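One letter stands for each residue in the lines below.
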Amino acid sequence: MSVGMVLEGGGMRGLYTAGVLDTLLDEEIKVDGMVTVSAGALFGINYASRQKGRALRYNLNYINDKRYISLRSLLKTGDMVNKEFAYYTVPFSLDVFDEEAFKQSGIDFYATITNMETGEPEYQLITDPFDQMEYLRASGSMPFVSKPVSINGVKYLDGGVSDSIPVAKAKELGFNKRLVILTRPLVYRKTPANEFIINLQYKSYPHFKERLKTRYNNYNDTVESISALEQSNDIFVIRPSKTIEIGRLERDPSKLQAMYDLGVMDAKNRVTDLRNYLADS
C-alpha cells in the first residue's frame, strides 16, 4: 500500500492544515508522498521534517513584522510576502528548517507550480528545500500580490491557479490511498474573478490569463469530484468543520490561532476513521 497526502493552499487558511498535520505527527500517521500546493507546500513541508508547531510559531511571531508581509514590501519588491525575509531569513536563521530530517523522512514531496507561458501545472519533486527554495516560493506566490518567480528562464506563479487540489496527480503518481486536507468547508464554492483586472495585469501571458478566468470552474469541478471519491471511499478527506472568516494574508494572530486550533480539533475527531481507512485493503 502506498499512501499519498494532498494539501490544498489558501494563504493563511493553511494554518488549518498545519493544525491537522501536527496532530497527525502526534498520532504517528505516516505517508509515502505529499502533493502540495501553495500554502500547503509552505506549511506542509514541516510535516516531512517532523517540526511540530513550526508553521504556527513563525507566523505568530512575525505576522505583524513589516519584513514579512506588508504593503511596503509589495511597493518596493513586487511581493506582498517579502522574498528575503520569508523564504531565506526565517528558515535559514530565525526559525531554522530541519533539512536533514526532511531528507531522511523518506517522503516524496511535490510542490505544484503554474508555468505562466503555458498555463499548465508542473509538479516539482523537492529533494533539497534550501537549494530548491525558489520552487517553493513559486508555489506560494499568489497572483496579483506577487511578481513572477523566474526559474531557469521560465516564469512561474501559484500552483493553485492551474491545479488547486491535485488529487488526480496523486493517483497518477501511484498512491492508492489518498489523504486530502482541504482548507474550505464542504459547502464552499469559488466565484468568478474580476476579468478586467486579470486582463490588465496578465495581458502578456494569455494562457495564464485564461487559467485565472476559468479557475473557479476547475476548482468547483474538483471539489465535486472529491466529494464523489469520498463517498466511494477512494479517498479520505479532512476539511474545516466550520467557517472561520480569515483573509488569505490575514494578520490577526487570534484568527491564525483559531484556524490552527480548528485543524487540531477536526483531525482528532477523524483520526480513528483515518486509521480504519488506511488499514482497509
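Heads up: these notes are all about the structure in this document. (Residues numbered from 1 in each chain as written. Predicted model: local features only at pLDDT ≥ 70, side-chain atom pairs only at ≥ 80, totals over all residues. Heavy atoms only, no water.)

## Things to note about the pattern of salt bridges
Under the convention used in this document: We define a salt bridge as a side-chain nitrogen of Lys or Arg found within 4 Å of a carboxyl oxygen belonging to Asp or Glu. Where helices and strands are cited, they refer to DSSP runs of H or I of at least four residues and of E of at least two residues respectively, numbered from the N terminus.
Counting across every chain of the model gives 17 salt bridges. With its nearest N and O atoms 2.9 Å apart, the salt bridge here joins glutamate 172 to lysine 169. On the criterion of helical spacing, the pair formed by glutamate 172 and lysine 169 is a turn pair, its members being three residues apart in helix 8 (residues 167-172). For the salt bridge of arginine 270 with aspartate 273, the shortest nitrogen-to-oxygen distance reads 3.8 Å. Here aspartate 273 and arginine 270 lie together in helix 11 (residues 253-279), a separation of three residues that amounts to about one turn.

## Focus: the side chain of aspartate 158
Here is the rule: For every residue, the accessible area obtained with a 1.4 Å probe (protein chains only) is divided by the maximum for its type, and the residue is called buried under 20%, exposed over 50%, and partly exposed between those limits. Counted as positive: Lys and Arg. Counted as negative: Asp and Glu. His and the chain ends are not counted at all. In this description, contact between two residues means that some pair of their heavy atoms is separated by no more than 4.5 Å.
Looking at the secondary structure, you find aspartate 158 in strand 6 (residues 154-158). One buried charged residue, aspartate 158, remains without a salt bridge, the closest side chain of opposite sign being arginine 248 at 4.1 Å. With residues up to four places along the chain from it excluded, the contact list for aspartate 158 reads Val37, Ser38, Thr114, Ala138, Ser139, Ser141, Met142, Pro143 and Arg248.

## What to know about the nonpolar core
Note that soluble globular proteins tend to have their nonpolar side chains buried in a common cluster. The line we're drawing: Here, nonpolar core refers to any group of buried Ala, Val, Leu, Ile, Met, Phe, Trp, Tyr and Cys residues whose side-chain atoms link them within 4.5 Å.
Met5 and Leu24 are the most contacted members of the largest nonpolar core, which has 63 residues in total. If you tally residues by element for this core, the top one is helix 11, at 10 residues. Non-local contacts of methionine 5, meaning those with residues more than four positions away in its chain, are made with Leu21, Leu24, Val31, Gly33, Met34, Val35, Tyr47, Leu179 and Ile181. Membership of the second largest hydrophobic core comes to 15 residues, among which are Val6, Val35, Leu182 and Ile226.

## A word on unusual backbone geometry
Positioned with a positive phi, serine 38 is a non-glycine residue whose angle comes to about 55°. Considering the arrangement of structural elements, one finds serine 38 in the loop between strand 2 (33-37) and helix 2 (39-48). One non-glycine residue, phenylalanine 144, lies in the positive phi region at around 80°. Here phenylalanine 144 is to be found in the loop between helix 7 (133-139) and strand 5 (149-151). Since its relative accessible area comes to 34%, phenylalanine 144 is described here as partly exposed.

## Overview of helix 11
Put simply, the rule reads: To estimate the expected span of a helix, subtract one from its residue number and multiply by 1.5 Å. The angle between axes fitted to the seven-residue stretch ending at a residue and the seven-residue stretch beginning at it gives the bend at that residue.
The end-to-end C-alpha distance of helix 11, which contains 27 residues, comes to 38 Å, matching closely the 39 Å that a straight helix rising 1.5 Å per residue would cover. Most pronounced at valine 271, the bend in helix 11 amounts to some 50°. Within helix 11, burial applies to Leu256, Met259, Tyr260, Leu262, Gly263, Val264, Asp266, Ala267, Val271, Leu274, Tyr277 and Leu278. The elements touched by buried residues of helix 11 are strand 1 (3-7), helix 1 (14-26), helix 3 (54-62), strand 7 (177-181) and strand 8 (235-238).

## Considering the packing of helix 3 against helix 5 (residues 83-94)
Let me state the cut-off plainly: Geometry is summarised by axes, namely lines fitted to C-alpha atoms with helices restricted to the contacting stretch, and by angles between N-to-C directions that run from 0 to 180 degrees. In what follows, roughly perpendicular refers to angles from 65 to 115 degrees, roughly parallel to angles under 35, roughly antiparallel to angles over 145, and oblique to any angle outside these ranges. In this scheme the handedness of a crossing depends on how the near helix is turned from the far one: anticlockwise by less than a right angle means left-handed, clockwise means right-handed. Basically, the charged four are Asp, Glu, Lys and Arg, the nonpolar ten are Ala, Val, Leu, Ile, Met, Phe, Trp, Tyr, Cys and Pro, and anything else, Gly included, counts as polar.
Axis separation between helix 3 and helix 5 bottoms out at 12 Å; the angle between their running directions is 115°. Classified by the interaxial angle, the pair formed by helix 3 and helix 5 is roughly perpendicular. For the element pair helix 3 and helix 5, the recorded crossing hand is right-handed. In this structure, helix 3 uses Arg54, Tyr58 and Tyr62 to contact helix 5, whose residues at the interface are Phe85, Val90, Pro91 and Leu94. Here the residues of the contact of helix 3 with helix 5 are counted per class, giving six nonpolar, no polar and one charged.

## Things to note about helix 10 (residues 206-231)
Each full turn of the α-helix corresponds to 3.6 residues, which orients residues three or four apart in the same direction. The first and last C-alpha atoms of helix 10 sit 37 Å apart over 26 residues, in line with the 38 Å expected at 1.5 Å per residue. The largest bend in helix 10 comes to about 55°, at threonine 214. Looking only at helix 10, the buried set comprises Phe208, Lys209, Arg211, Leu212, Lys213, Arg215, Tyr219, Asn220, Val223, Ile226, Ser227 and Leu229. Count one or two residues on from helix 10 and you reach asparagine 233, which has phi positive near 65°.

## Looking at the packing of aromatic side chains
Note the threshold: A pair of Phe, Tyr and Trp rings is counted when the ring centres sit within 6.5 Å of each other, with Trp represented by its six-membered ring. The angle between the planes then sorts it: under 30 degrees is stacked, over 60 is edge-to-face, the rest tilted.
Tallied over the entire structure, the rule returns 12 aromatic pairs. Taking 6.2 Å as the distance between ring centres and 70° as the angle between the ring planes, the aromatic pair formed by phenylalanine 97 and phenylalanine 130 counts as edge-to-face. Of this pair, phenylalanine 97 sits in the loop between helix 5 and helix 6 (99-104) while phenylalanine 130 sits in the loop between strand 4 (121-126) and helix 7, placing them 33 residues apart in sequence. Classification of phenylalanine 97 as buried rests on a relative accessible area of 6%. Ring centres of tyrosine 188 and tyrosine 219 lie 6.0 Å apart, and the angle between their planes is 75°; this geometry places the pair in the edge-to-face category.

## Details of the side chain of arginine 178
Rules: In protein, a polar contact requires one atom able to donate a hydrogen and another able to accept it; more generally it is a pair of N or O atoms within 3.5 Å, and residues adjacent in sequence count only if both atoms are side-chain atoms.
Secondary-structure assignment places arginine 178 in strand 7. Reaching out from arginine 178, the side chain makes a polar contact with the backbone oxygen of valine 167 at a distance of 3.1 Å. Sequence-distant contacts of arginine 178, that is, excluding residues within four places in its chain, are made with Gly4, Val167, Ala170, Lys171, Asp234, Ile235, Phe236 and Tyr277.

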